Amino acid sequence: MQQLKQNIYQVGAIDWDRRLFDELIPLPDGTSYNAYLIKGSEKTALLDTVDPTKTEVLIDNLVRLGVNRIDYIIAHHAEQDHSGSIPDILALYPDAKVVTNTKCKNMLIDLLGISSDKFITVEDNQKLSLGDKTLQFVYIPWVHWPETIGTYLQEDKVFFPCDFFGSHLATSSLFADDKCVVYESAKRYYAEIMMPFRAQIRKNLEKISELQIEIIAPSHGPVYGEPEFIIDAYRDWVDGPVKNEVVLAFISMHGSTRKMVEHFAGSLIDRGITVRQFNLSVTDIGKLAISLVDAATIVLGCPTVLTGAHPKVAYACVLANALRPKTKFASIIGSYGWGGKMAEQIKGLIGNLKVEFLEPVIAKGYPKEDDFTALDKLAENILAKHRELQIVN
Ligand code: FEO
């Protein structure tokens, strides 16, 4: 438990050991479930709770702070890593009311079976007085669920945006002191969780620009004492130009595709294009997601399994398709033994990407001189496309 400002405490839990979220997202640096207690002169509010696996930590923090009454539990978001301990907190503080919007209320009833008479619903920009502190609720939908709201604490100029601006980072530092580490974690978080909702995030960035924010206190990772650090990063990730980079994600079973990947990567590097290469049999899928935030081009390297794509390449395609990066161009390189529709299948799997497909290079068996020439031509084509975007130095 740590004090953020006078009468504002972080009472959530650090989860140093968690390595997967949603049984999908790698958490190499763990995470935290931040909950904030705000003691007003008349009322006390708890902003979010913690993942149900850490309920005891939250309760212990409240006990150590001597909190014998909670008037309001502000539920910013219905996902269980923040809402999952609400039933236990309600059991401990039976007079508390859950404050949220109607959409989140209905989700909490569905997900956690909380009785509807426990709720107070609030509208966008509605205020709630704690006495000497005023909470202003700000609807920020689709970061990353439709119901999400944030809270702006007017007197202290602290914005609590829940998942928005968060990072999966277990650290004992309350504030984002080590900016390099936090930037990487926050970008990973954005890539895996927020990127599919870029249009809505753009609107939310615009909306919160009207608030005078001195501190951003998200529900995962450290707090930002310099809000422009994370707001500027989000602006760049959402709307900044793509970069002169190729994400080259591949699988090779017997070396043919690998040989093509190696040659192709060299050919791109020769042309001054940055290569982010990922062997999908060993890569951290989060690293791949981070690279997709900025890259102008994605190229999948894939052998043909039976008649289609290798399942691990198909998995990466499904993921990229769901994350909807701002990538502009795509292509496929790879190999086959006797036939199949590997390239067509991959193309179909990334239909959400608004990309121009560049001519694939598919070798029969081990690549030969013609295939290497075709790979050089593809690299040259990518360079030309990047030049059109004016992103080549
Ligand atoms: Fe951190 Fe969407 O929950």
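This text goes with the structure placed above it.
All of these numbers come straight from a predicted model, not from anything done at the bench.

A. Structural view of the sheet that holds strand β15 (residues 158–160). Across the sheet, which stays open at both edges, the five strands sit in the order β12-β13-β14-β15-β16 with mixed pairing between neighbours. Strands at the two margins of the open sheet, each flanked by one partner only, are β12 (127–129) and β16 (215–216). As judged from the five bridges shared by strand β13 (residues 134–139) and strand β14 (residues 149–153), these two strands associate in the antiparallel manner. Looking at β14, one finds that Gln136 is bridged to Tyr152.

B. Representation of helix α5 (residues 179–194) within the structure. Considered for burial, the residues of α5 that qualify are Val182, Ser185, Ala186, Lys187, Arg188, Tyr189, Tyr190, Ala191, Glu192, Ile193 and Met194. Its buried side turned inward, α5 meets β5 (25–26), α6 (198–208), α7 (227–239), α9 (285–292) and α10 (311–323).

C. Focus on the nonpolar core. Among the nonpolar cores identified, the biggest contains 64 residues, and Phe165, Ile201, Ile230 and Tyr234 are the most heavily contacted of them. Every residue in contact with Tyr234, bar those within four places of it in the chain, is listed here: Phe164, Phe165, Gly166, Tyr190, Met194, Ile201 and Leu205. If you look at the next biggest cluster of nonpolar residues, it comprises 26 residues, including Leu37, Val50, Tyr93 and Ala96.

D. View of the pairing of β14. For β14, the tally of buried residues reaches five of five residues, placing the bulk of the element in the interior. Burial along β14 is two-sided: Ile149, Thr151 and Leu153 facing one way and Gly150 and Tyr152 facing the other are all buried. For β14 and β15, the ladder comprises three bridges, and the chain directions are antiparallel. Considered in β15, the bridge of Leu153 is made with Val158. The antiparallel hairpin formed by β14 and β15 contains four residues in its connecting segment, where Lys157 sits at a positive phi of about 55 degrees.

What counts and how
- Residues numbered from 1 in each chain as written.
- Predicted model: local features only at pLDDT ≥ 70, side-chain atom pairs only at ≥ 80, totals over all residues.
- Heavy atoms only, no water.
- Pairing = 2+ DSSP bridges.
- Helix = DSSP H or I, 4+ residues; strand = E, 2+ residues; numbered from the N terminus.
- Buried < 20%, exposed > 50% of the residue type's maximum accessible area, 1.4 Å probe, protein only.
- Contact = heavy atoms within 4.5 Å.
- Core = buried A, V, L, I, M, F, W, Y, C linked by side-chain atoms within 4.5 Å.

Everything listed is a geometric property; what it means functionally is a separate question.
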